[in-house]
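Structural features, examined
Residues per chain are reported as follows:
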Amino acid sequence: MDDGSSTRQAAILNATVKCCGAEGKPPMPTRLYRFHCTDGHDLVADMRGKRLPTLALMRLHAERVALDLMLHGDRLDWSAWTIEVYDAKGRLLMSKAFTAVRDELPALGQRGKRAWG
């Protein structure tokens with residue numbers, strides 16, 4: 001006997017899909033990436049990783065990780081550090097110097113660049 005709960009669940013799902021703009025679209029597949037930061041001696045390892053649907057979002061997240069570490073880390077000189085992105089199989093997909101991430105931010109100006117080494 002159906003108490004109407006399956007009908008209510010279907011209605012909730014349909015409303016959720018419509019409000020989120022995904023109506024008629026299959027869910028976007030995601031891939032797991034790990035974002036490690038290193039200077040060749042020290043390592044800040046991402047043990048959890050993050051699932052993202054596109055390479056563009058992976059690159060953007062990598063830059064945010066690097067910026068966050070520069071802003072909240074306890075170092076003054078980040079010039080030797082890089083962000084390295086690995087896929088779920090451990091393959092290196094991207095490596096970018098913290099200085100390159102920093103230099104691509106025009107809003108920082110010279111004061112911010114000096115503060116980050």
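For the structure given in this document, a descriptive report is provided here. (Residues numbered from 1 in each chain as written. Predicted model: local features only at pLDDT ≥ 70, side-chain atom pairs only at ≥ 80, totals over all residues. Heavy atoms only, no water.)

Overview of the overall build of the protein
Definition in use: Helix numbers and strand numbers start at the N terminus; a helix is a DSSP run of H or I with at least 4 residues, a strand a run of E with at least 2. Burial here depends on accessible area, computed with a 1.4 Å probe over protein chains only, as a share of the maximum for the residue type. Under 20% is buried, over 50% is exposed, and the range in between is partly exposed. Contacts are assigned to residue pairs with any non-hydrogen atoms lying within 4.5 Å of each other. Only the protein chains shown count as cover for residues, with accessible areas throughout obtained via the Shrake-Rupley method and a probe of 1.4 Å.
Across its full length, the protein holds four helices and five strands. Helices and strands in the protein line up, N terminus first, as α-β-β-β-α-β-β-α-α. For the protein, the residues scored as buried account for 26% of the 117 residues in total. Taking contacts inside the protein between residues at least 6 apart in sequence as the whole, the part at least 24 apart equals 47%. Accessible area for the protein stands at about 8,400 Å²; split by element, carbon and sulfur atoms hold 56% of it.

Here's the deal with the pattern of salt bridges
For clarity, the cut-off: Salt bridge, as used here, is a side-chain nitrogen of Lys or Arg placed within 4 Å of a carboxyl oxygen of Asp or Glu.
Across all of its chains, the model carries five salt bridges by this definition. A salt bridge links Glu-104 to Lys-96, with the shortest nitrogen-to-oxygen separation between them at 2.8 Å. Asp-103 is the partner of Arg-102 in a salt bridge, and the nearest nitrogen-oxygen pair spans 3.0 Å. Look at the salt bridges and you will find they share partners, linking Glu-63, Lys-96 and Glu-104 into a network.

A closer look at the environment of Pro-53
As for its placement among the helices and strands, Pro-53 is situated in the loop between β3 (50-52) and α2 (55-72). Residues Pro-53 and Met-28 lie 25 residues apart in sequence; the distance between their C-alpha atoms is 6.3 Å. Apart from residues lying up to four places away in sequence, Pro-53 is in contact with Met-28, Pro-29 and Thr-30.

Quick look at the pairing of strand β5 (residues 92-97)
Heads up, the rule is: Strands were regarded as paired on the criterion that DSSP finds at least two bridges between them.
Where strand β4 (residues 82-87) and β5 come together, five bridges link them in antiparallel fashion. For Val-85, the partnering residue across the bridge sits in β5 and is Met-94. Between β4 and β5, which pair antiparallel one after the other, the connecting turn spans four residues, and Gly-90 there sits at a positive phi close to 85°.

Some remarks on the side chain of His-36
Rule in force here: Polar contact is defined as a pair of N or O atoms within 3.5 Å, subject to the rule that within protein one atom must be able to donate a hydrogen and the other to accept it, and that residues adjacent in sequence are counted only when both atoms are side-chain atoms.
One can find His-36 in strand β1 (residues 31-38). Judged by its relative accessible area of 15%, His-36 is buried. Of the polar contacts made by the side chain of His-36, one reaches the backbone nitrogen of Asp-46; its length is 2.9 Å. The residues contacting His-36, other than those within four sequence positions of it, are Leu-43, Val-44, Ala-45, Asp-46, Thr-82, Ile-83, Glu-84 and Tyr-86.

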